[in-house]
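Take a look at the letters that make up each chain.
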There are 2 protein chains.
Amino acid sequence: MKNGRNNPAKQSAAPEPAVPKAVVSRLSLYLRELQRLIRDGRATVSSHQLGRLLGFTDAQVRKDLAYFGQFGYPGIGYRCEELVAAVRKILGTHERWPVAIVGAGNLGRALLGYKGFTQQGFNIVAAFDIEPATVGQSIEGVRVYHASRLSEVVAENKIRLAIVAVPAPAAQGVADKLVAAGIEGILNFAPVTLSLPPTVSMVGVDLAIELEQLSFSVTNRGDAKEPDAKETVRLPTRSHRSA
Amino acid sequence: MKNGRNNPAKQSAAPEPAVPKAVVSRLSLYLRELQRLIRDGRATVSSHQLGRLLGFTDAQVRKDLAYFGQFGYPGIGYRCEELVAAVRKILGTHERWPVAIVGAGNLGRALLGYKGFTQQGFNIVAAFDIEPATVGQSIEGVRVYHASRLSEVVAENKIRLAIVAVPAPAAQGVADKLVAAGIEGILNFAPVTLSLPPTVSMVGVDLAIELEQLSFSVTNRGDAKEPDAKETVRLPTRSHRSA
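Keep in mind that this is a model prediction, so the values were computed, not measured. (Residues numbered from 1 in each chain as written. Chains lettered and ligands numbered in written order. Predicted model: local features only at pLDDT ≥ 70, side-chain atom pairs only at ≥ 80, totals over all residues. Heavy atoms only, no water.)

The next point concerns the overall build of chain A. Check the secondary structure of chain A and you find nine helices and eleven strands. Each of the 243 residues in chain A was classed as buried or not, and the buried ones make up 51%. The long-range share in chain A, meaning contacts at least 24 apart out of those at least 6 apart in sequence, stands at 54%. Roughly 11,300 Å² of accessible area belongs to chain A as shown, and the carbon and sulfur atoms make up 53% of that amount. (Helix = DSSP H or I, 4+ residues; strand = E, 2+ residues; numbered from the N terminus. Buried < 20%, exposed > 50% of the residue type's maximum accessible area, 1.4 Å probe, protein only. Contact = heavy atoms within 4.5 Å. Areas by Shrake-Rupley, 256 points an atom, 1.4 Å probe, with all protein chains shown as cover.)

Written out as structure tokens, the structure reads:
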């Protein structure tokens with residue numbers, strides 16, 4: 001975490017534990033569920049209840065959160081508001097992030113209108129394109145700049161995260177320009193692997209993965225014995241234990 | 001798996017092992033990497049190499065695949081083409097799926113143009129909307145029907161999977177119509193939870209989760225000690241082991 005730099009524990013020679021990516025993904029799921037519970041007027045939730053809502057065991061919930069500290073209260077469970085604040089701090093979304101988007105075609109426009117980003121702390125503050133008909137427009141209240149103004153607008157707005165929503169052949173060129181402009185993290189919707197320096201984080205969005213998960217679920221439904229099929233799918237007996 | 005119904009092992013009273021959702025997600029990642037290796041002319045790959053490409057241990061790769069059978073050859077590793085065929089069969093994408101999309105706004109249009117779906121075995125064969133200006137159009141070669149024709153078109157094209165790309169307030173109504181039309185799996189882009197019968201699978205796409213993962217990665221970068229930060233992020237020492 002950001003303040004880990006001042007943490008005296010860092011002085012020790014002990015190797016630091018790594019947080020698996022899957023744990024970080026589950027933090028987002030816990031956050032969504034907690035936000036929903038708060039909207040429904042709930043003040044506290046147990047690890048058992050939180051796990052049940054998501055199809056995880058209570059041990060999984062406790063273990064995931066234990067990577068980041070001690071959040072539960074004996075006999076009470078988690079205080080929803082408090083845990084939401086803690087998880088947002090871990091994810092870095094306790095402060096709002098200004099975000100740039102490159103590509104204002106159909107996908108870019110869809111993402112500019114996506115309410116989920118704003119809800120979770122991300123404000124798209126600038127869009128970039130090269131189409132003369134699009135540059136200068138305002139889409140969902142966001143101005144579209146010519147891509148040649150990337151560095152300038154990124155610096156002016158202290159933008160650290162960017163979304164790449166251009167066709168595949170243009171993606172690497174855009175990524176290079178984003179890196180040169182000082183962007184630290186790229187969310188890539190183009191179905192290509194980007195080559196980036198190790199100082200820049202990248203998350204690739206592969207929408208076909210979600211359809212494949214659905215295809216698996218529908219294909220294997222015949223063997224699903226219990227209504228928990230949303231989380232796990234039961235297959236013919238094999239000699240291996242589940243994780 | 002589909003043919004599990006005829007599997008004699010099913011007659012036993014032993015409980016069937018569950019496949020965790022995370023394992024199924026990793027199948028998609030293995031598939032993408034294998035497809036890339038084949039494009040690069042590779043015939044075989046070891047679990048170590050495959051794991052390394054994705055940031056997993058070789059034990060993880062072997063354990064994940066072992067849920068579904070025995071795929072490796074001693075001293076050879078996996079045969080790429082053979083494993084791709086096996087994984088596609090497990091995921092159900094060895095045959096092409098005709099898919100319907102409801103909502104032909106910006107997001108729907110972006111998804112209609114998304115090459116990744118076709119590449120992985122999904123053909124969007126029909127789109128639905130209620131806007132008079134949109135109904136009757138052909139977008140990316142796909143005809144847009146009025147939503148009132150859903151049942152008829154779904155039956156005619158033997159469509160089992162549908163994508164919901166309508167605004168949040170309309171999503172549940174659309175889902176109800178899809179269920180009535182006999183759809184078995186829904187990929188939901190609307191940022192709302194859909195209430196569905198247990199016989200219908202649902203995968204929700206929450207694009208803010210991906211941005212949160214990026215935000216976490218950028219926020220915790222200061223503590224990342226090694227260039228493997230794409231897979232795991234190192235945090236100040238705690239008393240918990242990594243999974």
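All chains considered together, the criterion is met by 14 salt bridges over all chains. In this structure, Arg26(A) engages Asp64(A) in a salt bridge whose closest nitrogen and oxygen atoms are separated by 2.6 Å. Here Asp64(A) lies in helix H3 (residues 58-66) and Arg26(A) lies in helix H1 (residues 21-39), a separation of 38 residues in the sequence. This pair shows no difference in class: Arg26(A) is buried, exactly as Asp64(A) is. Between Glu212(B) and Arg32(A) there is a salt bridge, with its nearest N and O atoms 3.0 Å apart. With Glu212(B) in helix H9 (residues 207-219) and Arg32(A) in helix H1, this pair bridges two chains. (Salt bridge = Lys/Arg side-chain N within 4 Å of Asp/Glu carboxyl O.)

Another aspect to go through is the sheet that holds strand E7 (residues 142-146) of chain A. As summarised here, the arrangement of the seven strands in space is E6-E7-E5-E4-E8-E9-E10 (chain A), forming an open sheet in which the pairing is mixed. Two strands in the sheet have a free side with no partner beyond their single neighbour: strand E6 (138-139) and strand E10 (201-204) of chain A. Against the sheet, helix H8 (residues 168-180) of chain A contacts strand E4 (97-102), strand E8 (161-164) and strand E9 (185-188) of chain A, and its axis sits at roughly 170° relative to E8(A). Set on the sheet, H9(B) makes contact with E4, strand E5 (122-129), E8, E9 and E10 of chain A; between it and E10(A) the angle comes to about 165°. (Pairing = 2+ DSSP bridges. Axes fitted to C-alpha atoms, helices over the stretch in contact; angles between N-to-C directions.)

Residue and element names in this part refer to chain B. A large share of strand E4 (residues 97-102) lies buried, amounting to five of its six residues. In this structure, E4 lies alongside strand E5 (residues 122-129), joined through six bridges in parallel fashion. From the neighbouring strand, Ala 100 faces E5, where its bridge partner is Ala 126. Examined bridge by bridge, E4 and strand E8 (residues 161-164) share four bridges and lie parallel to one another. Among the inter-strand pairings, Ala 100 is bridged to a residue of E8, identified as Ala 162.

Here we take up the packing of helix H2 (residues 47-54) of chain A against H3(A). All names here are of chain A. The N-to-C vectors of H2 and H3 enclose an angle of 105°; their axes lie 7 Å apart at closest approach. As summarised for this structure, H2 and H3 are arranged roughly perpendicular, according to the angle between their axes. Every residue of H3 that contacts H2 at Ser 47, His 48, Leu 50 and Gly 51 is listed here: Asp 58, Val 61 and Arg 62. Residues that form the contact of H2 with H3 fall into these classes: two nonpolar, three polar and two charged. (Parallel < 35°, antiparallel > 145°, perpendicular 65-115°, else oblique. Nonpolar A, V, L, I, M, F, W, Y, C, P; charged D, E, K, R; others polar.)

Moving on to the environment of Glu156(A). Locating Glu156(A) in the fold gives a position in helix H7 (residues 150-156). Note: C-alpha distance between Glu156(A) and Glu140(A) (16 residues apart in sequence) is 21 Å.

Now for unusual backbone geometry. Residues and elements named next belong to chain B. In this structure, Glu 140 takes a positive phi of about 50° despite not being glycine. Note that Glu 140 resides in the loop between strand E6 (138-139) and strand E7 (142-146). The exposure class of Glu 140 is exposed, given its relative accessible area of 53%.

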